[in-house]
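# Structure assessment
This is what each chain is made of:
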Amino acid sequence: MTKRDPTGKGLLSVIIARVGDLVVTAIRLWRVFLDRRTRHGFLRDRRKKKHAAAVVKKRADWKARSLRRTQRFSRFRVMARYHRRRITGYHRRTPLKHLLVLYLAPVAVVSLVLCGALLLTTKKVATQPLPALSPQKGFKQLLGQTARLIADNRPEEAEKNIPALTAYDPANPSVISHSGAIALLRKDYPAARVAYEKVLAINPRSYLASYNLAEIDFVSKDFSAAARRFGEMLKGRPNDETLLFRLALCAVMQNDFESADRYIQKLSTTGRTPARQYAIAARLFQEKKASEARKVLAQARTLFTENTMFYDGTLRQLGFIK
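Our subject in this report is the structure included herewith. (Residues numbered from 1 in each chain as written. Predicted model: local features only at pLDDT ≥ 70, side-chain atom pairs only at ≥ 80, totals over all residues. Heavy atoms only, no water.)

Here we take up helix 15 (residues 309-318). Those residues of helix 15 lying buried are Y311, D312, T314, L315 and L318. One side of helix 15 holds all its buried residues, which, seen down the axis, span an arc of 160°. Contacts from the buried residues of helix 15 go to helix 9 (207-219), helix 10 (223-236), helix 11 (241-253), helix 13 (275-286) and helix 14 (290-303). Looking one or two residues past helix 15, G319 carries a phi angle of roughly 90°, positive in sign. (Buried < 20%, exposed > 50% of the residue type's maximum accessible area, 1.4 Å probe, protein only. Helix = DSSP H or I, 4+ residues; strand = E, 2+ residues; numbered from the N terminus. Arc of directions from axis to C-beta. Contact = heavy atoms within 4.5 Å.)

If you want it as structure tokens, here you go:
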């Protein structure tokens, strides 16, 4: 006798059980939604569960991205370490002369190429015809070049331009001033005096010629004549610190300390130049107070670090410092 199959009865039982569960769940849900407080709590718990699930998902995604990034950097570090070891081993095994050839050969090739390109460019520029200059423009350029050579203390080169400048305009005050400046650089004071007197004859208001004539008297130790010239110039420039400084020194060198103090008082205590401090130091040196004078100079050099060369040269010229 065969055993009877209970499949049909079991399926019917499952269906009845599921229907019962649905009915019970529907009744519970109906009760929940009938009560406002319970309904709100249910919805709030549902939102919290969704938010928690979203946070968990974001954390999982972040961890996965971090893991992938870490793996990429790890592979990069491994490759970098591997290639570094290969390069280090190669340098240890290779002789020094081979390494020099390896690194210097490309540099030499690039240098040759650049030099060749530069030479070709230079040749092309040199072969291009230069534009013709008018006599007036050429004269101005040569005059400016001569002024730059004089400023750079190159009198021999500057003097080569004087014949051409004189041939073009022999009565030009700038050309004659350049001749005087070249004579000053060579300490040929008589020739410089003649040149600047010619400039004054052409242009009596030339400040440069008047100042240089006064300087010639100053360096020639003719302090009374220098004071007269500087004094005449001071009438037109009453606040010029260079003129006041020169006048104070002329008075000091003539032991006229009253006049020296008068000029020193006119110098600004907060000026842009150390003229006042250097004038006071010269007075102290002349009065044999060398230690006090050196203190004043040290203070001036601290305050005016880049503007003391002219004033140091003047005191050195007068024999106060070495």
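The next thing to look at is unusual backbone geometry. Here the phi dihedral of N153 falls at roughly 60°; this positive angle occurs in a residue that is not glycine. Topologically, N153 is positioned in the loop between helix 4 (135-151) and helix 5 (155-159). For N153, a relative accessible area of 53% gives the class exposed.

With that out of the way, let us pick up helix 7 (residues 173-185). The end-to-end C-alpha distance of helix 7 is 18 Å, a good match for the 18 Å that 13 residues give at a rise of 1.5 Å each. When we look at burial in helix 7, the residues that qualify are V175, I176, S177, H178, G180, A181, I182 and A183. The N-terminus of helix 7 is capped by N172, whose side-chain oxygen sits 2.8 Å from the backbone nitrogen of S174. Trailing helix 7 by a residue or two, K187 shows a phi angle of about 60°, which is positive. (Expected span 1.5 Å × (residues − 1). Polar contact = N/O pair within 3.5 Å; in protein donor to acceptor, adjacent residues only side chain to side chain.)

Quick look at the side chain of D217 now. By secondary structure assignment, the location of D217 is in helix 9. Those residues in contact with D217 that lie beyond four places of it in its chain are R193, D222, F223, A225, A226 and R229.

What follows deals with the nonpolar core. In this structure, F218, F230, F245, Y278, L297 and L315 are the most contacted members of the largest nonpolar core, which totals 34 residues. When residues of this core are traced back to their parent elements, those giving at least two are helix 9, helix 10, helix 11, helix 12 (257-266), helix 13, helix 14 and helix 15. Apart from residues lying up to four places away in sequence, F245 is in contact with L267, A275, Y278, A279, Y311 and T314. (Core = buried A, V, L, I, M, F, W, Y, C linked by side-chain atoms within 4.5 Å.)

Now for a nonpolar patch on the surface. A cluster of nonpolar side chains, contributed by Y90, L96, L100, L102, Y103 and L104, occupies part of the molecular surface with about 630 Å² of accessible area. Ranked by residue count, the leading element in the nonpolar patch is helix 3 (residues 96-127), at five residues. Mapped onto the elements of the fold, L96 is located in helix 3. (Patch = residues over 30% accessible without salt bridge, like charges linked within 9 Å, V, L, I, M, F, W, Y side chains within 5 Å. Areas by Shrake-Rupley, 256 points an atom, 1.4 Å probe, with all protein chains shown as cover. Salt bridge = Lys/Arg side-chain N within 4 Å of Asp/Glu carboxyl O.)

Attention shifts here to the pattern of salt bridges. Counted under the stated rule, the structure contains 12 salt bridges. Note that R186 is salt-bridged to E159, the shortest N-O span being 2.6 Å. One end of the pair, R186, is in the loop between helix 7 and helix 8 (189-202); the other, E159, is in helix 5, and 27 residues separate them in sequence. Taken together, the shared-partner salt bridges connect D152, R154 and E157 into one network.

A word on the packing of aromatic side chains. Evaluated as defined, the whole model comprises eight aromatic pairs. Ring centres of F310 and Y311 lie 5.0 Å apart, and the angle between their planes is 80°; on these two criteria the pair is classed as edge-to-face. Take F310: its relative accessible area is 38%, and that puts it in the partly exposed class. For Y311, a relative accessible area of 5% translates into the label buried. Ring pairs connect the aromatic residues F245, Y278, F310 and Y311, which therefore count as one cluster. One cation-aromatic arrangement involves R237 over Y207; the distance from NZ or CZ to the ring centre is 3.8 Å. (Phe/Tyr/Trp six-rings, centres within 6.5 Å; stacked < 30°, edge-to-face > 60°. Lys NZ or Arg CZ within 6 Å of the ring centre and 35° of its normal.)

What follows concerns the environment of S179. Residue position: S179 is located in helix 7. For the pair S179 and A158, spaced 21 residues apart in sequence, the C-alpha separation works out to 9.0 Å.

On to the packing of helix 9 against helix 10, then. Axis separation between helix 9 and helix 10 bottoms out at 7 Å; the angle between their running directions is 160°. It follows that helix 9 is roughly antiparallel to helix 10 by the angle criterion. Crossing handedness for the pair helix 9 and helix 10: left-handed. Contacts between helix 9 and helix 10 pair Y207, S210, Y211, L213, A214, E215, D217 and F218 from the former with F223, A225, A226, R229, F230 and M233 from the latter. Its residues assigned to classes, the contact of helix 9 with helix 10 shows 10 nonpolar, one polar and three charged. (Axes fitted to C-alpha atoms, helices over the stretch in contact; angles between N-to-C directions. Parallel < 35°, antiparallel > 145°, perpendicular 65-115°, else oblique. Left-handed = near helix turned anticlockwise from the far one by under 90°. Nonpolar A, V, L, I, M, F, W, Y, C, P; charged D, E, K, R; others polar.)

Another point: the packing of helix 13 against helix 14. Here helix 13 crosses helix 14 at 165°, and the two axes come no closer than 8 Å. Relative to helix 14, helix 13 is oriented roughly antiparallel. When you trace helix 13 past helix 14, the crossing you get is left-handed. The residues of helix 14 that touch helix 13, namely those facing Q277, Y278, A281, L284 and F285, are A290, E292, A293, R294, V296, L297, A300, R301 and L303. Across the contact of helix 13 with helix 14, the residue classes tally to 10 nonpolar, one polar and three charged.

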